[in-house]
Every structure is written in structure tokens, then in C-alpha cells.
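Results of the structural survey
Below are the chains, spelled out letter by letter.
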Amino acid sequence: MTDQTIDMPHVDTDERSMKKSLLRGWRRKCPNCGAGPMLKSYLKVNDTCTVCGQELFHHRADDGPAYLTILVVGHLLAPGLHIAFVVWRPEPLTLFTIFSVGCVGLSLYLLPRMKGAMIGFQWAKRMGGFGSTS
């Protein structure tokens, strides 16, 4: 019997910090270096990082950031709406105006940050094409 060497592809096993990549994503920066911008417009992701060259087009955020944004906004504003109605009993139009503006504003603030954090999570877990093989 002869010894045969099986040529396996190299897999990068360096540990990627989940906390760092989530925070970098939240700041809408590259999860690898933390310096380059991840987004080139409100929600459009750069293909590569302009600083370190990390490929970012592998992301599969899809509808995840929208679902997370709805979850957070709903859990923050629903109790606030109930408390405001029970304690102060404002006019319905006033209540609607305040909470609709708050809902839209908070959603617009959170959506790109949730997308960045989700891409950072995918990068840290080597999901999709983020696991380097060479």
C-alpha cells in the first residue's frame, strides 16, 4: 500500500471576533478592517472594501435587516404607545402623529445599521462566500 497525499483546499481557520465584526457592521464599516465604508448609499453594499480589499459582495442579508428593524421598533414603540395612551390620554391625531414620526425616524435610523451588523455576523461566521478558500 502506498501513501497518497490528498490535496485539500486551504481553509482559513483564524478566529474572527464576533463582537468586533458586529460593532463594525453597526457603524457601517468593513467587518475585516473597520476602516473602509461598507455601504456606498443608504443600503447598497460595496463590492469590496476600499481600504483592505475584503470582498463584501458575498453577503446574503436579504430581508433579515428589515425583519430585525420591525422587531426592535415594534418592541420599543408598542409599550410606549400603550403607556402614553393610559397615562396622558392625548387626542388620537396627536398620538398618531407623534408615534408615526417616531416609527419612521427610528426605522430609517436602524435599517442600515441592522444590515451592517447582519453582514458583520455573516463575515464572522464565514457564511456564504466569506469563508476563504484558496
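The shown structure was predicted, so the numbers you read here are calculated from the model rather than taken from an experiment. (Residues numbered from 1 in each chain as written. Predicted model: local features only at pLDDT ≥ 70, side-chain atom pairs only at ≥ 80, totals over all residues. Heavy atoms only, no water.)

**What to know about the environment of Phe-85**
Counted only if it meets this: A helix here means a DSSP run of H or I that spans at least four residues, while a strand means a run of E at least two residues long, and both kinds are numbered starting from the N terminus.
Mapping Phe-85 onto the fold places it in helix H2 (residues 64-88). Residues Phe-85 and Leu-95, 10 residues apart in the sequence, show an inter-C-alpha distance of 7.8 Å.

**A few points about the nonpolar core**
Our working rule: The set of buried Ala, Val, Leu, Ile, Met, Phe, Trp, Tyr and Cys residues whose side-chain atoms join them within 4.5 Å is what this entry labels a nonpolar core. Between buried and exposed lies partly exposed: a residue is buried under 20% and exposed over 50% of the maximum accessible area for its type, with that area taken using a 1.4 Å probe on protein chains only. Residues are treated as being in contact if the distance between any of their heavy atoms lies within 4.5 Å.
The biggest cluster of nonpolar side chains holds 10 residues, and these are Met-38, Leu-39, Val-45, Leu-56, Ala-61, Met-118, Ile-119, Trp-123, Ala-124 and Phe-130. Those residues in contact with Val-45, other than ones at most four positions away along the chain, are Met-38, Leu-39, Lys-40, Leu-56, His-59, Lys-115 and Ile-119.

**Digging into helix H1 (residues 18-26)**
For the record, the criterion: The arc in question is traced by the directions running from the helix axis to the C-beta atoms.
Of the residues making up H1, those classed as buried are Ser-21, Arg-24 and Gly-25. Seen along its axis, H1 keeps its buried residues to an arc of 100 degrees; they face one direction. Directly after H1, the chain includes Arg-28, whose backbone phi takes a positive value near 65 degrees.

**Observations regarding unusual backbone geometry**
In the Ramachandran plot, Asp-62 falls in the positive-phi region, its phi being about 50 degrees despite a non-glycine side chain. Along the chain, Asp-62 turns up in the loop between H1 and H2. Positioned with a positive phi, Arg-89 is a non-glycine residue whose angle comes to about 45 degrees.

**Observations regarding the environment of Arg-126**
By secondary structure assignment, the location of Arg-126 is in the segment after helix H3 (92-124). Under the relative-accessibility criterion, Arg-126 is labelled partly exposed at 22%.

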